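# Inside the fold
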Amino acid sequence: MALSKRKRAAYLRYAQYALIVLVVAVIAFAADWASLRDSFFKPDLVREQFPDILKTALKNTIIYTACGFVFGLLLGLVLALMRLSSIGPWRWLSTAIIELFRGLPALVVFLALGPGFSRAFPDYEIPGGGLGVATLALGLVGGAYMAETIRAGIQAVPKGQMEAARSLGMSHSRAMISIVIPQAFRIILPPLTNELILLTKDSSLIYILGLSLDEYDLTKWGREGMNSAANLTPIIVVGLCYLLITVPLSIVVRRMEAKSERAR
Amino acid sequence: MTTWSTGEPHVPSDRSTAAIDVQQLHKYFGSNEVLKGIDFHVGVGEVVCVIGPSGSGKSTLLRCVNMLETPTSGKIFVEGDEITDPDADVDKLRSRIGMVFQSFNLFPHMTVLRNLCIAQQRVKGRSKSESVEIARANLAKVGLSEKEDAYPAHLSGGQSQRVAIARALSMEPDMMLFDEPTSALDPELVGDVLQVMKDLASEGMTMMVVTHEMGFAREVGNKLVFMDGGVILEEGVPAEVLANPQHERTQGFLSKVL
């Protein structure tokens, strides 16, 4: 048995291919496809979801996520600039906010801002209803994460850029706005897009707020559908809808990363 | 070859006509004293070259002139205005002082033309058309008119540095600071940048140049300053200092680089 190193590697590779084929074959033969299809992918239940799932649930999920992301981005930028400030109290405040909302589960933030807030301050309500709470909660959670990303991006811009801008007579804030921050955002575009994907999924937590039918997001929509049909098909369709949002975003991120790799 | 520059010995002028006047400048980085009481002077229209081994403090001196480094003590006057005064409008004074860096520091997210226009518009409040006109004139001056739509990543080192000079000139400064402008360039690209600097000198621009280009210092400079260990050891007419250095460390340095 004097196999050369290369031959042994080749056999090992074939063995792995064979194993994969075997597993797929066993699943294909052993599975009861008819019953699987009936509980997970009933054609008439799939058909029933459309077009309302797109017009209501998918649209709402995108709106909640987009509003939360925009608010989070602005909050993250402010927190990042506070974190980099030469004024101590700004740094401490920003660190506290970041640690708080990075450390809390998103569900806890939703509970605090939804049912928690209305119980603590019965005379007030967060403007915008479900959308308002979602924007605030997702923004706080996302903003805390993005603040650290943005801070790292700002610090990754070479010091010479700020010096060149200052040497041309720009003030510190003018140089930040025109020169440093635009370059920082180019650097952090991939991690920011990742954050957008995470927020898309976190937006499902809005279900705890008690929404009206036209406020349903994808997850709430799927749970209701699942309960009323006593079948898992609606939740599968909902899962595919999430992938419809997140997979293109992932592809965009990968493209951007490949591009910035080339530019290096 | 110009011959005018090897010329007249520098006559110290009083502070009101000095472009740059540095008095008893000390600078510490932590406990490390990099400038140990510098007195330094650049007259209007003068070209002063600063040479010395690395770590001698020559770049720090230059960067103190426009307050990119804050002096620990001492005073610096720019055209009679004290830039080290805590109440001075440093941004405004800086817009009168052009600066060119060793590493160019062009803004990579903007075209060449935008690089030249942004500070004109944001600092000087010039209109778009006015700033573009001035930018194009300065690009033509450095011989890069055809590059106005290019991004800095597509320029060679020599082109980048000429754009950086044009960017500084577009603010119409009264003086220019050069921090080893050719040190990051491939040898064959140095000439173009030096030519632009020579042209600038012959137009009467006040220049302070930290450099290792002894040929440039001899040919264009009115004064040569040799620094080592945070002090000025020797200064004088470039040709004389280079040919007949008085201080033993100047002799040692020049024997290595010439």
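As a reminder, the structure under discussion sits directly above these lines.
Overview of the structure. (Residues numbered from 1 in each chain as written. Chains lettered and ligands numbered in written order. Predicted model: local features only at pLDDT ≥ 70, side-chain atom pairs only at ≥ 80, totals over all residues. Heavy atoms only, no water.)

## Quick look at the overall build of chain A
The helix and strand inventory of chain A stands at eleven helices and zero strands. When the helices and strands of chain A are read in sequence order from the N terminus, they spell out α-α-α-α-α-α-α-α-α-α-α. For 264 residues, the compact-globule estimate of 2.2 N^0.38 gives 18 Å, and chain A exceeds it by more than 25% at 25 Å. Its C-alpha atoms give chain A principal-axis dimensions of roughly 75 × 70 × 30 Å. With 264 residues in all, chain A has 39% of them scored as buried. Put simply, 75% of the contacts in chain A that link residues at least 6 apart link residues at least 24 apart. As displayed, chain A has an accessible area near 15300 Å², and 66% of this comes from carbon and sulfur atoms. Each charge class in chain A was averaged separately, 27 positive and 18 negative side chains, and the resulting centres sit 16 Å apart. (Helix = DSSP H or I, 4+ residues; strand = E, 2+ residues; numbered from the N terminus. Rg over C-alpha atoms; globule rule 2.2 N^0.38 Å. Buried < 20%, exposed > 50% of the residue type's maximum accessible area, 1.4 Å probe, protein only. Contact = heavy atoms within 4.5 Å. Areas by Shrake-Rupley, 256 points an atom, 1.4 Å probe, with all protein chains shown as cover. Lys, Arg positive; Asp, Glu negative; His and termini not counted. Charge placed at Lys NZ, Arg CZ, Asp CG, Glu CD.)

## Description of the pattern of salt bridges
When charged atoms on two side chains of opposite charge get close, those side chains can pair. By the definition in use, this model includes 19 salt bridges over all chains. A:Glu163 is paired through a salt bridge with A:Lys159; the nearest N and O atoms lie 3.9 Å apart. One end of the pair is A:Glu163 and the other is A:Lys159, both in helix H8 (residues 159-167) and four residues apart, which spans about a single turn. You can call A:Glu163 buried: its relative accessible area is 13%. Residues B:Arg126 and B:Glu172 are paired through a salt bridge, measuring 2.7 Å at the closest nitrogen-oxygen approach. With a gap of 46 residues between them, B:Arg126 in the loop between helix H3 (112-122) and helix H4 (128-141) and B:Glu172 in the loop between helix H5 (157-169) and strand S7 (175-179) connect regions that are remote in the sequence. Residue classification places B:Arg126 among the buried positions, given a relative accessible area of 11%. Here B:Glu172 falls in the partly exposed class, since its relative accessible area comes to 46%. (Salt bridge = Lys/Arg side-chain N within 4 Å of Asp/Glu carboxyl O.)

## Focus on the interface of chain A and chain B
Each partner contributes to the interface: chain A provides 17 residues, whereas chain B provides 22 residues. Interface area for chain A against chain B, summed over the two sides, is near 1600 Å², with a carbon-plus-sulfur share of 61%. Considering only the surface of chain A that becomes buried against chain B, A:Glu163, A:Ser167 and A:Leu168 emerge as the three largest contributors, covering 35% of it. Taken together, chain A and chain B are joined by two salt bridges. In this structure, the salt-bridge partner of B:Arg63 is A:Glu163, at a minimum N-O distance of 2.6 Å. Inspection of the chain A/chain B interface yields five residue pairs in polar contact (both at pLDDT 80 or more). Listed by contribution, the elements that provide at least two residues to the side of chain A that touches chain B are H8 and helix H9 (172-202) of chain A. Residue composition of the side of chain A that touches chain B, by class: six nonpolar, seven polar and four charged. (Buried area = accessible area lost by both parts, 1.4 Å probe. Polar contact = N/O pair within 3.5 Å; in protein donor to acceptor, adjacent residues only side chain to side chain. Nonpolar A, V, L, I, M, F, W, Y, C, P; charged D, E, K, R; others polar.)

## Things to note about unusual backbone geometry
What is expected of a backbone is that most residues other than glycine have negative phi and most peptide bonds are trans. Residues and elements named next belong to chain B. Positioned with a positive phi, Met 67 is a non-glycine residue whose angle comes to about 65°. Mapped onto the elements of the fold, Met 67 is located in the loop between helix H1 (58-65) and strand S4 (73-78). In this structure, Glu 79 takes a positive phi of about 50° despite not being glycine. Relative to the assigned elements, Glu 79 resides in the loop between S4 and strand S5 (81-82).

## Considering a negative patch on the surface
Residues and elements named next belong to chain A. A contiguous patch of negative charge, built from Asp 32, Asp 38, Asp 44 and Glu 48, is present on the exposed surface. Secondary-structure assignment places Asp 44 in helix H3 (residues 43-49). In this structure Asp 44 comes out as partly exposed when scored by relative accessible area, which is 45%. (Patch = residues over 30% accessible without salt bridge, like charges linked within 9 Å, V, L, I, M, F, W, Y side chains within 5 Å.)

## Some thoughts on the layout of surface pockets
Residues and elements named next belong to chain A. In this structure, the second largest pocket encloses a volume near 500 Å³. As for the second largest pocket, its lining consists of 20 residues, of which Ile 154, Met 162, His 172, Met 176 and Val 180 are closest to the centre. Residue assignment for the lining of the second largest pocket shows that the elements contributing at least two residues are helix H7 (129-156), H8 and H9. At six residues, H9 tops the list of elements feeding residues into the lining of the second largest pocket. (1 Å grid on protein atoms, 1.4 Å probe; cavity = no way out; pocket = protein on both sides within 12 Å on 5 of 7 lines; lining within 4 Å. Points joined across faces, edges and corners; volume = space filled by probe spheres on them.)

## Digging into the sheet that holds strand S3 (residues 47-51) of chain B
Residue and element names in this part refer to chain B. Strands sit in the order S6-S7-S8-S3-S9-S10 across an open sheet of six strands; the sheet is mixed. Two strands close off the open sheet at either side, each with one partner strand: strand S6 (97-100) and strand S10 (231-236). This sheet shows a mean twist of 15° between the axes of neighbouring strands, independent of strand direction. Inspection of the sheet shows S6 paired to S7 by four bridges, in the parallel sense. Bridge assignment links Val 100 to a residue of S7, and that residue is Phe 178. (Pairing = 2+ DSSP bridges. Axes fitted to C-alpha atoms, helices over the stretch in contact; angles between N-to-C directions.)

## Section: the sheet that holds strand S2 (residues 32-43) of chain B
Strand pairing in a sheet relies on backbone hydrogen bonds. The paired strands run either parallel or antiparallel. Residues and elements named next belong to chain B. Sheet architecture is open: four strands sit in the order S2-S1-S4-S5, paired in antiparallel fashion. This sheet does not close on itself; its edge strands, each paired only once, are S2 and S5. Bridge analysis of strand S1 (residues 18-29) against S2 gives nine bridges, and the strand direction is antiparallel. From the neighbouring strand, Val 22 faces S2, where its bridge partner is Phe 40. In this fold H1 packs onto S1, S2 and S4, with an angle of close to 120° to the strand it touches most, S1.

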